[in-house]
Structure formats: C-alpha cells, structure tokens
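# Summary of structural features
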Number of protein chains: 2
Amino acid sequence: MYTNSEIKPRDLSKIEKPAVSVTVLIFSINDGRLEVVLINRVREPFVGFWSLPGDILPIKNDLDEAAKKILFDKTGIKNIYLEQLYTFGDPKRDPRGRVITVAYFALLPYNSVDLSKAPDALHAKWIPVKNLSTNLAFDHKKIIAYGAERLKNKIEYSNIARALLPEKFRLSELQKIHEIILNTKLDKRNFRKRMLSMKLIEPTKDFYRLGNHRPARLYKFSTKKLVTFN
Amino acid sequence: MYTNSEIKPRDLSKIEKPAVSVTVLIFSINDGRLEVVLINRVREPFVGFWSLPGDILPIKNDLDEAAKKILFDKTGIKNIYLEQLYTFGDPKRDPRGRVITVAYFALLPYNSVDLSKAPDALHAKWIPVKNLSTNLAFDHKKIIAYGAERLKNKIEYSNIARALLPEKFRLSELQKIHEIILNTKLDKRNFRKRMLSMKLIEPTKDFYRLGNHRPARLYKFSTKKLVTFN
DNA sequence: CAGAATTAGTGTACATAATACACTAAGCAT
DNA sequence: ATGCTTAGTGTATTATGTACACTAATTCTG
C-alpha cells in the first residue's frame, strides 16, 4: 500500500532550513519607568540601530538554555526569571534571509546588574520603553510591545513581580511597580488589602529605615516559584 | 575601534541550522469530550504511532501561513481559529536530528469537518484527549497537554468558545463546552447570568426545536473577533 | 387527550470581593 | 518643638459570585 520511499524518514539534510535565533527581552523598573536592555549594533544589518540582545541558536542547546546563555554572554546576567514569549517568523524580518526568532522575556531587579561590567558593555544600555525610537533593528519594536503586554497581563494575577524586587521590599515599592506596569494610579489601602489577601506575600521582621520618615515594614514573597491565578 | 570583519553581516549560509517544523493541535468537542486530530504515522521515525499533524516549515512561508497550509493539506480544514501556542526545542525531541517545532492551536466545531474526506483520510482521526496513549510520536503528548491547559485558561475570560460552536447555539451547548474544558459542573442559572452580563453573546430570534421538550432559544456571539478580559 | 418525560428557563438571599475615601504614626531635619 | 515626609490603617457602599428549586414548553405514549 505504501511505497518503500514513503516509509523512510525524510532526509533532513536535504530540506532548506531557515536560520533560528533566540532574542531576549530584559525588563526592569528604574526611575519610575519600565526599561529594557538594548544593544547598539556594530554589525550589519542595522549598524548603529538599537536591538534586543540575541544570537543564533547554538545547534546543540535547548531553547531555554540558549536564552540563558545569550543573556549571560551579552549582559553578564545570570539566574533570573525567563519565560518564552513568542516566536516571530515573518520571512522579511531579517534582510539577510530567512531567520525566525524565538523571543524570551526576562525580569530582574534593576540594581542586581551592572551593565557597565557586561561583556558587551560598550553597546548595552537600559532604555525606557516609552522613549523607544521607532527605528529599532529588525522587528524588535514589535517584540518589545508584545512583551510589555504580557507583563501587564501577568502582574495582576501572579507573583511575577517577585522577579523585579529584591528578597525583601516595602509595600510601597511593590505598589509602584504595579502602577508603572499597569500605567495607572492605585489606592494604597486597597492595594495592601488585596496583596495580603492573595497570600502571595508575607511580612518579615525587618524594616527599611532610610529617609526622614517613619520606617517601612519589609515584606517578602511566600514562594520563589511562579504562581498564577485566574 | 572595530575591525572590518566585525561590521560585516554574519554569513547565514555558514551557520549550522536546525530544521524547523510547524505542528498543529486541532481541538474540538465531541460526544462530551475534548478531542484532538491525530495522524497515524506511515514514515519513520515513529511509524505506526499517533502524532499531531505537522510538517517542515516551507522556507518562504510565514509561520501563521504555514500552520494554515499544514492544516489544510493534512485535514482539508480551512478558515478556522488558529493561534501560536509555544515553540518546542528540546534537542532530543526528534531522533533524526535537531528539529524545533512551532506549535499552533486550532479550534473548530466538530461537525464542520469531515476527516474521511481529508487528504490524509486514511490516517487522520479524532481522538479524545483523555484516552491518549502515552506513546505518541515525538513530544506530542506534552504539546497536547500544554494546549489543553491554554484552552482551559482562556475559555473563562474570552469568547474563544465561539470557535467551537456553530453560528447559532443553545446556552446549554455553551455551558456543556465550558464544563468539558474546565472539567467541572456549572450551575445553569449562574452560568447564564454570567455569560449574558459579559455581553459576549446575544439572543437571536431563532429556536432549536429538536427533541421532546421545550424549544431552546439560540444565541450568537456578538463579535467574531477574539476578545479577552482579565 | 391526559399524563409522563425531557430539556429550557427563571429569581432571590447570602457571601465575597472591589472601590471610594482621610486621618494618624514614626522618624528626621531644623 | 515644629514641620516635613512616607508608612500605616478602617468603614461604608457597590458589584460580583454562589447556592439553591421550581415552572414552562414541547414530544411521546397509552
């Protein structure tokens, strides 16, 4: 019923393959704004344009591993929250030819990294998402917009904010992060009530004592794992 | 500051490329169960195993286009709801070599397709998700589990169910779909109240008159576009 | 044609969650 | 001691979610 040729495996060496890259969107909160790490390109195409850190997928690496590796190689950042975002495959997204990219999305506390010590320090920089030029390399503008949207959707119904904060933090810091990401002002009492009723955070015995005002109690997330509701 | 070689574009023809495929998860509701279209493999690897429809990404197609094309070529299905699900890239997922797959997720009303007329009719079949053998080809078991989870998360806060129903439907049908996907029993009055208050559906003037019982009013979704809350 | 069988359709009381809103507390600087 | 700054708290109202049981309209059967 089937010819012999049909049951043999398809020869993968004979098909035309696209290049595959991994792109990492690194978000943090600084100076009251959502910022993203961009790299000023020194290579064609898009020399001089800002772009997201990314690289060709190493042939033996899993996608998640590759994302971690790129993150580390370009920024020196290690051990942070990473999740797969989306795969972008417009045939025209790269002028060199067919390159599909698997985008990842990372979060970290702003002070936990020093980009000036990054391997690609001369070219890597934090840029506020709201100030982005429309002329980013490739389709990176679209990727950033997609990631910012994901963050917005996730912050209210998960403990994802833990990845943007130090171990211990003030409720006012947590609130500020929500306000920036959601781009809205929240009521202090209602915010606190909600956060505590969700049981994702708990008070510690420590206080934050800087500034000429009453010290603030420090809280921590109850778990380091990602928890999502709905 | 930079050598000439650094500013030239990287030569994409010299890198080692993984193969890229597109896999489509086609869900529907039948006989009170969530079912998925599987294809019995006639080629190595995994001859005789059930697998999701999929194929190598045609080098000139966008990912979405490729998913549509695969769907049509293997099942004859056209014009249905499709969304990108996730990209699976475990280096060992395909015994032939490195193949990463971009998985898509499709929904359609069970009666809108006749698999016996599909191009791959001899090998394509609807299989209830709960009855799946653990021995599916590749990592397809994992892909199906991931897709079922996505469906579960989406059904309560979007109008995605419209893709599983005909144009006009009974509220009892809609409720049944929710119950199957969420794997729970819902209260009829509360369900109706909620559905109507969300303003995603509206009554039509038509009734469903089959069976020895009171006719049921038919409803329709207010919009054909995907709407998601939070 | 009366009664049984079947699915459709409806309302109310209660509990929980979301919102609006303003003052007191604790520390530091002068 | 006073003023400045951020931390911290409660209550009333509204909206949303949940629990729960009977009547309505049709077909089938005897």
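The text that follows walks through the structure, step by step, so that each part is easy to find. (Residues numbered from 1 in each chain as written. Chains lettered and ligands numbered in written order. Predicted model: local features only at pLDDT ≥ 70, side-chain atom pairs only at ≥ 80, totals over all residues. Heavy atoms only, no water.)

Turning next to the sheet that holds strand E9 (residues 201-208) of chain B. Residues and elements named next belong to chain B. Taking strand neighbours across the sheet as the criterion, the three strands line up as E8-E10-E9 in an open arrangement whose pairing is antiparallel. This sheet does not close on itself; its edge strands, each paired only once, are strand E8 (169-170) and E9. Sheet analysis places E9 next to strand E10 (residues 216-221), joined by five bridges and oriented antiparallel. The residue bridging isoleucine 201 from the neighbouring strand is phenylalanine 221, located in E10. (Pairing = 2+ DSSP bridges. Helix = DSSP H or I, 4+ residues; strand = E, 2+ residues; numbered from the N terminus.)

As a matter of local geometry, DNA strand D sits amid 22 residues, with A:Ser172, A:Lys188, A:His213, A:Arg217 and B:Asn212 nearest to it. Restricting the count to atoms of DNA strand D within 4 Å of the protein gives a sugar and phosphate share of 41%. The contact in question runs from a base nitrogen of DNA strand D to an N or O atom on the side chain of B:Asp187, over 3.3 Å. Side-chain polar atom of B:Asn190 to a base nitrogen of DNA strand D: 2.9 Å apart, as the coordinates give it. Those elements that provide at least two residues to the surface near DNA strand D are helix H5 (188-197) and strand E10 (216-221) of chain A together with helix H5 (188-197) of chain B. Among the elements that take part in the surface near DNA strand D, H5(A) stands out by supplying four residues, more than any other. Within the surface near DNA strand D, the residues separate by chemical class into three nonpolar, seven polar and twelve charged. (Near = heavy atom within 4 Å. Polar contact = N/O pair within 3.5 Å; in protein donor to acceptor, adjacent residues only side chain to side chain. Nonpolar A, V, L, I, M, F, W, Y, C, P; charged D, E, K, R; others polar.)

Below, the discussion takes up the protein's contact with DNA strand C. Neighbouring DNA strand C are 21 residues; A:Asn212, B:Ser172, B:Lys188, B:His213 and B:Arg217 lie closest to it. By atom count, sugar and phosphate contribute 39% of the portion of DNA strand C lying within 4 Å of the protein. When its residues are assigned to classes, the surface near DNA strand C shows three nonpolar, seven polar and eleven charged.

Attention shifts here to the packing of aromatic side chains. All chains considered together, the criterion is met by 16 aromatic pairs over all chains. An angle of 75° between the planes, with centres 5.9 Å apart, marks the rings of B:Phe27 and B:Phe105 as edge-to-face. Highlighted residues: B:Phe27 in strand E1 (residues 19-30) and B:Phe105 in strand E6 (residues 99-107), separated in sequence by 78 residues. Each residue in the set A:Phe46, A:Phe49 and A:Phe138 is aromatic and connected to the rest through ring pairs, giving one cluster. (Phe/Tyr/Trp six-rings, centres within 6.5 Å; stacked < 30°, edge-to-face > 60°.)

Bringing the interface of chain A and chain B into the picture now. In this complex, chain A contributes 48 residues to the contact, which on the side of chain B involves 47 residues. Taking both sides of the interface into account, the surface hidden between chain A and chain B amounts to around 4,100 Å²; carbon and sulfur atoms contribute 59%. In this structure, the connection of chain A to chain B is made through seven residue pairs in polar contact (both at pLDDT 80 or more). The set of elements that each furnish at least two residues to the side of chain A that touches chain B consists of helix H1 (4-7), strand E1 (19-30), strand E4 (54-56), helix H2 (63-75), strand E5 (81-88) and strand E6 (99-107) of chain A. (Contact = heavy atoms within 4.5 Å. Buried area = accessible area lost by both parts, 1.4 Å probe.)

Residue and element names in this part refer to chain A. Assignment of secondary structure puts aspartate 94 in the loop between E5 and E6. Looking at aspartate 94, the relative accessible area reads 5%, which means it is buried. The residues touching aspartate 94, leaving out its near neighbours within four places in the chain, are Pro45, Val99 and Phe138. (Buried < 20%, exposed > 50% of the residue type's maximum accessible area, 1.4 Å probe, protein only.)

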